[in-house]
Each structure stands twice: as C-alpha cells, then as structure tokens.
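Below, each chain spelled out in residue letters.
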Amino acid sequence: MSGIREEGGPAGLRAPRVPEGARRHRITGSLIYGFLHCEHSVHLAFFGDPDRRLPLSEEEKWLRERGRRHEARVVASLKGVAEPEYPARDFEAGAIATRKLLAEGRPFVSQGVLLREPFLGIPDLLRRVEGESRLGSFHYEVGDIKSSYAARSGQAMQVVFYSRLLAEIQGRTPERGFLILREGEEESVPIRELDSVLEEILEEMDRWLLAPSGSRPHRDYACAGCEWRAVCGSRADLYWIPGLTRAEREVFAELGYEEAEALCWADPRRLGRRGRLPESTWARARHHALALREGRPVPTHPPRVEDLVGELRFAVVLEDAFDRRFPFFAIARPGGESFEGFEAPDPGSEVAALEALCRASGDRGPLVHGGELPRVLYSFAVRHPSLAPLVRRLEGRWVDLMSLVRGAYAFPEPVRHPGRALALFGPGSGGEGAWDPDGDSVALRLKEGDSKGLRALARRRLETLEALVSVLRAHPGRRKTAAAEKAGRAAAERRLEAGA
Ligand code: SF4
C-alpha cells in the first residue's frame, strides 16, 4: 500500500490506497458502480474469498444473456465499429491495440481498453466526434449500453470515470458521455459537472478500504440478488437492522449493544427511560434482532385486518421486467374459487388481458395484491388512456398485502416478494419448502414459451396471497384489532348496501 496518495495521480485522479493482502489492485468501472450500490461489495471485491460467492441462478444467467444480446444488437446497428484484439486478460496489450484504433480515427471503438494503473476501464463504446485533440481534428467520447429503461447514477459515474481515462490518451476531456438505454434512446452525461462526484467517490472508497474495522454488511433489497449474500449473511450484524441511522447505531454500540444478538435481551421500556433513544427505537431494533436470530418473522404490531373485510378477491400480474412484458393476469376468490386467467401471448394482447382482469374484478370488496397491481394498472392507463375509467373503478379497492404483512412483522431480511415472505413463516404457513427464485421465474417460463407454466405460476401466487391473509388473521396481536375489524365489517356492509 502506498502511504500517501498522489495529488495529481493517474488520469489526474487520486487513486484509493489498497491495503496489503488485497486480492486485486485495480480500480475498475464496475467497482465504481458497485460502490454506489453497496460499499461493502467493494470491500469484498478486494478481500473476500471468491470461492464463497454464490453461483448465478438460471434466471440471473438468462438476464445477463439478454443484456449481452441487447448490447450486441445496438453495436451491430452502428456503422464503422472496430474492436481491439488482444490475448484474453492482457489489458496492457488491449490498451495498446485501443490507442492504435483511436489514432486511426475509427468511427466507433467497441470494448476499448483504457488503462492507467491502477485504473482500468472497458467502456462499451468510444465514439468519434469533431474537435481538435492530440489524435487530430477529432476526439472521442465515451458511451455505455444499458438494459435499463432509465439511467442510474452508477451508470453515469462509470462513464465519467472512463472519460477521465480517455482524456489522458487524447489530451482532451470530452464535454459529454452518453448512455444508450433499453429502448434505444440516448441519455447525455455531462462530464465536467460530475467530475467532482467521481473524486468524492474515490475519496470515500479510500476511507472504506483503510477503515481499521473494515466495512460491514448492511441488509437491503440489493442483497437478495448479490453473489456475496452467503458471506454477508453468516453473522447477524447490527447493520442489518433496517431503518437505524448512523447516530442510533453509535448509541447502541456505546451502550454495549454492538451485536444484533445482544439486542434480543434488551428491555425497551427501561432503556427508553434513560433518554438516549426512545422506547420505540429500542423495541423496533429488538424485534428485528429477534427475527434475525430466529430466522423467521416476529410479530410487531396488530395487522390492519380491517382492510381485509368483505368479499375478497386476489389478483396477480405476472411480469418480466427486462422486456416489460406482462404475459399473464389472474384473479380468484378465496379457496381458488372462480379462478380466471388471462394470457397475453404477445405484447399486442396485453391491453385486452388487462381489461379482462379489470372487468373480472367486480365492483365491490377488497382487491388483494402482492404490491404490483397499482403500478402496472397506472402504467397501462398512461399508455392507453381508454383504460383509465376501468382503473379508476378499482382505485380505493386494492389492498397491498405486502405492506400489511411488513407492517405487522419484523422480517429477518428485506422482503418484497409474497412467496419469499410466506416461505420465511415456515412450516404450517403454506410456505413450506425452499424459496426458489427460478421456480418462480416469469422470465424463464416466457423464454420456454411455457403457457401452462405461467398459468400454474399465477395460481401459485394467488394461493400465496391467500395463505398470507391467513397468516395475518392468525397474528397474535389480532385480538387487539377486533374492534377495528368490527368497524371494518360494518363499513363493508354499508358499502355493499350502497352498491346494491
Ligand atoms: S450481500 Fe448485501 S451487504 Fe453484502 S455485498 Fe451484497 S449487497 Fe452488499
């Protein structure tokens, strides 16, 4: 490790210092992206045991494959694209081959290697534009091809990082970079405006890498798809408790509650009286600590079961987010009664399938869903205004079951998916058996053209919603909500009478 960081280091950037014993020394564009996603993933990239990374699931492999195909399609649509040739992983040779292509003034260079130790960048595209530079009467700007429908800050920062490396080669910082998004639109990245942010990121990375206690894993939704989740999940950390501020964690640590386990024995009332943190913060932290220790949800508050009074219907929309495809819509009453499934085998039939779902929803009683319904309905209504009156008719009836479940229980991990939530309740809940994201993958079924599988998946998701309603009804705090439930029932009856 070099002790002092160079002021005007490589590419004019101050390189983060990498402590002895790290498995790697290079700072890459994906590391910058990863750092904005989760600082701890950068720590693990330097110090983690690569053999402990989890393999990709079939769904993740398919996602990556589709990303590569999308990128190849975009590159194939461009004229005059050259790619540097060099032996695999010989980035010095790759950098020399890239410089040659740039000096020749090729219109586009794909997968060019920009190397200025310890920085390494391989952007998807370098595009020739007018304007003097060391290369001649032209220079290049950097672009990345993304599968997302909207630009993310991490993607923009990768482009800024690559632009700084490119600036050293061509003797000129490009004014802008670009991101080519999923639907082919180009998003401009202003390099100079974001330059100082890149420097701050490198500063922060330096601090994290040198921190004496190392970095610690947190827990958020990103962890569910992260290859390091087995490593991070091996010890229940205080950082896993959601919603705690840094100051609150410091108070816990000062009072001897360094580990989540210790919080399981805390007495929220007594500790709240001490005045450092309110009783509610202690109680919330303790509930989550217990959930972490038990590996299952812990009841926190009486559930709002009054939202589930009346003639229930369950609704699901199967979605493949990569292609924004909605191949199946389904609705059922409790017990799987009156199951109705509406398949949309191609994008052109989605509106009709959604319309059919809306009509099958009836005009009274709660419409229970797993969190996706309003978003999907509104996005369709924006694109197809003729759907707006149907969607409006459902407003006020939909009930986000996951929001009720999360409000009533502390979970040992962030849960978004009803299937995962149910699996965590374990035996007796209806969620027995391992949660299998591939088994629940809409993308894989669509890929295989498995229409029966989509129908079966929709049924299973409807059953999951129903099982979660039973879990809420069996909540130990439900007694306290009897009055609220009675009020809810009276309100539902009044609604029924009014609708009759
Ligand atoms: S599992 Fe979570 S905390 Fe660990 S590296 Fe991945 S995203 Fe970060």
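Our subject is the structure listed above.
Residues numbered from 1 in each chain as written. Predicted model: local features only at pLDDT ≥ 70, side-chain atom pairs only at ≥ 80, totals over all residues. Heavy atoms only, no water.

(A) Here's a closer look at the packing of aromatic side chains. The full count for this structure, using the stated rule, is 12 aromatic pairs. Measuring from centroid to centroid gives 6.5 Å for Y86 and F91, while their planes differ by 55°, and the two rings are tilted. Between Y409 and F425, the ring centres sit 4.8 Å apart and the planes meet at 85°, which makes this aromatic pair edge-to-face. With Y409 in strand β16 (residues 409-410) and F425 in helix α16 (residues 418-425), the pair connects residues that are 16 residues apart, well separated along the chain. Here a set of aromatic residues connected by ring pairs shows up, and it is made of F119, F161 and Y162. (Phe/Tyr/Trp six-rings, centres within 6.5 Å; stacked < 30°, edge-to-face > 60°. Helix = DSSP H or I, 4+ residues; strand = E, 2+ residues; numbered from the N terminus.)

(B) Geometry of helix α3 (residues 58-76). Relative to the 27 Å expected for 19 residues at 1.5 Å per residue, α3 spans 27 Å between its end C-alpha atoms, a close match to the ideal helical length. Those residues of α3 not exposed but buried are E60, W62, R66, G67, H70, V74 and V75. (Expected span 1.5 Å × (residues − 1). Buried < 20%, exposed > 50% of the residue type's maximum accessible area, 1.4 Å probe, protein only.)

(C) Fine view of the pattern of salt bridges. One pass over the structure, following the stated rule, counts 32 salt bridges. A salt bridge links D323 to R66, with the nearest nitrogen and oxygen atoms 3.1 Å apart. Pair noted here: D323 is in the loop between β11 (313-320) and β12 (325-332) and R66 is in helix α3, with a separation of 257 residues, a long-range link. Among the charged side chains, a network of salt bridges with common partners joins R66, R182, D320 and D323. (Salt bridge = Lys/Arg side-chain N within 4 Å of Asp/Glu carboxyl O.)

(D) Just the site of the ligand, in detail. The immediate surroundings of the ligand are formed by C38, S41, L44, P217, H218, C223, C226, W228, R229 and C232. Looking at the shell around the ligand, the elements that each hand over two or more residues are α2 (39-47) and α7 (229-232). For the shell around the ligand, a count of residues per class yields 7 nonpolar, 2 polar and 1 charged. (Near = heavy atom within 4 Å. Nonpolar A, V, L, I, M, F, W, Y, C, P; charged D, E, K, R; others polar.)

(E) Highlighting the packing of helix α15 (residues 401-408) against helix α18 (residues 451-473). Two numbers describe how α15 lies on α18: the axes approach to 11 Å, and their chain directions differ by 30°. Regarding the angle of α15 to α18, the classification is roughly parallel. Relative to α18, α15 is oriented so that their crossing is left-handed. Residues L401, M402, L404, V405 and A408 of α15 touch α18, and the partners they reach there are L465, L468, V469 and L472. A breakdown of the residues in the contact of α15 with α18 according to their chemical character gives 9 nonpolar, no polar and no charged. (Axes fitted to C-alpha atoms, helices over the stretch in contact; angles between N-to-C directions. Parallel < 35°, antiparallel > 145°, perpendicular 65-115°, else oblique. Left-handed = near helix turned anticlockwise from the far one by under 90°. Contact = heavy atoms within 4.5 Å.)

(F) Local environment of the sheet that holds strand β2 (residues 81-82). Strand order in this open sheet of 6 strands is β2-β3-β6-β7-β8-β9, and the pairing throughout is mixed. Edge strands, defined here as strands with exactly one partner in the open sheet, are β2 and β9 (186-190). Taken together, the 3 bridges between strand β3 (residues 108-110) and strand β6 (residues 125-133) define a ladder with antiparallel strand orientation. Residue pairing across strands places V109 opposite L126, the latter belonging to β6. Contacts from helix α5 (residues 153-170) reach β6, β7 (136-145), β8 (176-180) and β9, with the element oriented near 155° to β7. (Pairing = 2+ DSSP bridges.)

(G) Examining the sheet that holds strand β1 (residues 27-28) more closely. Strand order in the open sheet made by the 3 strands is β1-β5-β4, with mixed pairing throughout. Each edge of the open sheet carries a strand with a single partner, namely β1 and β4 (114-116). Looking at chain direction, β1 and strand β5 (residues 119-121) are connected through 2 bridges and run parallel. Counterpart to I27 in the pairing with β5 is F119. The sheet contacts of α5 involve β1, β4 and β5, and relative to β5 the element is tilted by about 105°.

(H) Representation of the packing of helix α12 (residues 350-360) against helix α13 (residues 373-383) in the model. Relative to each other, α12 and α13 sit at 125°, their axes nearing to 11 Å. Here α12 lies oblique to α13, going by the angle between them. In the crossing of α12 with α13, the sense of the turn from one axis to the other is left-handed. Residues E350, V351, L354, L357 and C358 of α12 form the contact with α13, whose own contacting residues are L373, L377 and F380. In terms of residue class, the contact of α12 with α13 is made up of 7 nonpolar, no polar and 1 charged.

(I) Looking closely at α15. Within α15, the full set of buried residues consists of L401, M402, L404, V405 and A408. The buried residues of α15 occupy an angular sector of 160° when the element is viewed end-on, so they sit on one face. Those residues of α15 hidden inside the fold are in contact with β10 (298-299), β14 (367-369), β15 (398-400), β16, α16 and α18. The N-capping residue of α15, defined by a side-chain oxygen 3.1 Å from the backbone nitrogen of M402, is D400. (Arc of directions from axis to C-beta. Polar contact = N/O pair within 3.5 Å; in protein donor to acceptor, adjacent residues only side chain to side chain.)

(J) Structural context of the layout of surface pockets. Looking at the second largest pocket, its volume works out to about 660 Å³. Lining the second largest pocket are 23 residues, with W208, R216, Y239, R246 and R249 positioned closest to its centre. Taken together, the elements giving at least two residues each to the lining of the second largest pocket come down to α2, α6 (191-210) and α8 (246-254). With 4 residues, α8 is the largest single contributor of residues to the lining of the second largest pocket. Of the residues belonging to the lining of the second largest pocket, the class tally is 8 nonpolar, 6 polar and 9 charged. Both domains that furnish three or more residues to the lining of the second largest pocket are identified here as domain 1 (1-217) and domain 2 (235-294). (1 Å grid on protein atoms, 1.4 Å probe; cavity = no way out; pocket = protein on both sides within 12 Å on 5 of 7 lines; lining within 4 Å. Points joined across faces, edges and corners; volume = space filled by probe spheres on them. Domains from an automatic or database assignment.)

(K) How the structure looks around the environment of S77. For S77, the location among the structural elements is in the loop between α3 and β2. According to the relative accessible area criterion, S77 is exposed, its value standing at 55%. At 2.6 Å, the side chain of S77 forms a polar contact with the backbone oxygen of V74.

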